[in-house]
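A closer look at the structure
Residues per chain, in single letters:
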Amino acid sequence: MADGQRPTFVESWFDDAKADYQRRGLRSLFPTTLILCAGLSAAAAYFVPNGFFFPSKWDVAATVYTGLLAFNALTLALAWGAIGRIYESIAQPGFSSFLKDGGVLSTYLFYISFVHVVQVIAAFVTLVSLVMLFLPLGPLYDKVSLAATLAATLYALRWAFGAVSIVQDLSWYYATYDSMAPDEKQKLRLAVSNDHTEISS
């Protein structure tokens, strides 16, 4: 990556995965939250009777999928509200420079993009499942689509709350940073920058 150029989403993802591996070891290779969401959703879909789907009770099923789609739209709005607060915090001139010197600005920008991608995927999966509901694909496909919808919705909800946590963290860090004297900010910025250089060397 050239100097001064913002890292791409994939580059930031690899950097985050590398840092997570250094911090947690082999446990970082297993997305426990995603696996848990998928497992719970698969179990729930398995116990749903076949009569729930088309053509027996398609109106009830369609109402459920429409509700899930509306819920995903709501979590998307919640996440974007939090993302707006994140941008407001990062956009502060001195604070943004501090985050960049510390090597964490790209991490926060990556999480903003990741939350957005997860939310959009959840809404898209729900919409596709709603369309598939009216196709004569059979109970197996119906249950798989329901499990995928529930898993995507749960995972998106988890990251919607994650975005709120990021806002809280940034607000706390900014309050601490803003209360420092100018010379303290400079010393702290240099200290963080030196630590980052040692880690990345």
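Residues numbered from 1 in each chain as written. Predicted model: local features only at pLDDT ≥ 70, side-chain atom pairs only at ≥ 80, totals over all residues. Heavy atoms only, no water.

**Describing the overall build of the protein chain**
To keep things clear, this is the line we draw: Strands are runs of DSSP state E lasting at least two residues, helices are runs of H or I lasting at least four, and both sets are numbered from the N terminus onward. Throughout this description, buried means an accessible area under 20% of the type-specific maximum (1.4 Å probe, protein chains only), exposed means over 50%, and partly exposed covers the range between. Should any heavy atoms of two residues lie within 4.5 Å, those residues are counted as being in contact.
Across its full length, the protein chain carries seven helices and zero strands. The helix and strand sequence of the protein chain, counted from the amino end, reads α-α-α-α-α-α-α. Counting only residues that meet the buried cut, the protein chain has 30% of its 201 residues in that class. A sequence separation of at least 24 residues applies to 80% of the contacts in the protein chain between residues at least 6 apart.

**Notes on the environment of Tyr108**
Mapping Tyr108 onto the fold places it in helix α5 (residues 105-132). Taking relative accessible area as the criterion, Tyr108 reaches 14% and is therefore assigned buried. Residues Tyr108 and Leu170, 62 residues apart in the sequence, show an inter-C-alpha distance of 9.5 Å. Contacts of Tyr108, omitting those with residues within four sequence positions, involve Ile90, Leu99, Ile166, Leu170 and Tyr173.

**Focus: the packing of aromatic side chains**
Going by this rule: Pairing of aromatic side chains requires ring centres within 6.5 Å, counting the rings of Phe and Tyr and the six-membered ring of Trp. Pairs whose planes differ by under 30 degrees are stacked, by over 60 edge-to-face, and all others tilted.
In total, this model carries six aromatic pairs according to the counting rule given. Ring centres of Tyr46 and Phe47 lie 5.2 Å apart, and the angle between their planes is 85°; on these two criteria the pair is classed as edge-to-face. The exposed category is assigned to Phe47, whose relative accessible area is 68%. Their ring planes at 55° and their centres at 5.4 Å tell us that Phe110 and Tyr111 sit as a pair that is tilted. On the basis of relative accessibility, which here comes to 4%, the residue Phe110 falls in the buried class.

**Here's the deal with the nonpolar core**
Keep this limit in mind: To qualify as a nonpolar core, a set must consist of buried Ala, Val, Leu, Ile, Met, Phe, Trp, Tyr and Cys residues joined through side-chain atoms within 4.5 Å.
Among the nonpolar cores identified, the biggest contains 26 residues, and Ile86, Ile90, Leu99 and Leu170 are the most heavily contacted of them. In terms of residue count, helix α6 (residues 139-178) provides more of this core than any other element does, nine residues in total. Ranked by size, the runner-up nonpolar core spans eleven residues in total, among them Ala45, Val48, Phe52 and Leu146.

**Things to note about the packing of helix α3 (residues 58-90) against α5**
We count it as follows: Here an axis means a line fitted to C-alpha atoms, over the contact stretch when the element is a helix, while the angle between two N-to-C directions is reported on a 0 to 180 degree scale. Relative orientations are named as follows: roughly parallel for angles under 35 degrees, roughly antiparallel for angles over 145 degrees, roughly perpendicular for angles from 65 to 115 degrees, and oblique for any other angle. Handedness of a crossing is defined here by the sense of rotation of the near helix relative to the far one, left-handed for an anticlockwise turn of less than a right angle and right-handed for a clockwise turn. Only Asp, Glu, Lys and Arg are considered charged in this grouping, and only Ala, Val, Leu, Ile, Met, Phe, Trp, Tyr, Cys and Pro are considered nonpolar; every other residue, Gly among them, is considered polar.
Between α3 and α5, the least distance of the axes is 9 Å, while the angle of their chain directions is 165°. Relative to α5, α3 is oriented roughly antiparallel. Relative to α5, α3 is oriented so that their crossing is left-handed. Here the contact of α3 with α5 is composed, by residue class, of 20 nonpolar, seven polar and no charged.

**Quick word on a nonpolar patch on the surface**
Selection criterion: Here a patch means residues that are over 30% exposed by relative accessible area and free of salt bridges, tied together within 9 Å if like-charged and within 5 Å if nonpolar (Val, Leu, Ile, Met, Phe, Trp, Tyr). In short, Shrake-Rupley with a 1.4 Å probe defines the accessible areas, and a residue's cover is counted only from the protein chains shown. The salt bridge definition used is simple: a Lys or Arg side-chain nitrogen within 4 Å of an Asp or Glu carboxyl oxygen.
Taken together, the side chains of Leu127, Val131, Leu135, Leu137, Leu140, Tyr141 and Val144 present a nonpolar region at the surface, about 660 Å² in accessible area. For the nonpolar patch, the element with the highest residue contribution is α6, accounting for three residues. If you trace the backbone, Leu140 turns up in helix α6.

**A closer look at the packing of α5 against α6**
The N-to-C vectors of α5 and α6 enclose an angle of 155°; their axes lie 8 Å apart at closest approach. One element, α5, and the other, α6, form an angle in the roughly antiparallel class. Helix-helix and strand crossings are classified by hand; for α5 and α6 the assignment is left-handed. Of the residues assigned to the contact of α5 with α6, the class counts are 19 nonpolar, six polar and one charged.

**A look at the side chain of Ser129**
Within the element layout of this structure, Ser129 appears in helix α5. According to the relative accessible area criterion, Ser129 is buried, its value standing at 3%. Ignoring anything within four residues of it in the chain, the contact list for Ser129 reads Tyr65, Ser145 and Thr149.

**Considerations on the confidence of the model for the protein chain**
The condition that has to hold: The pLDDT value tells you how sure the predictor is about a given residue, anywhere from 0 up to 100.
Per-residue pLDDT for the protein chain averages 76, and the proportion of residues at 70 or more is 74%. The low-confidence segment residues 192-201 (pLDDT under 50) makes seven contacts with residues lying over four places distant or belonging to another chain.

**Quick look at the side chain of Asn72**
Mapping Asn72 onto the fold places it in helix α3. Residues within four places of Asn72 in sequence aside, it is in contact with Gln119, Ala122, Ala123, Thr126 and Thr153.

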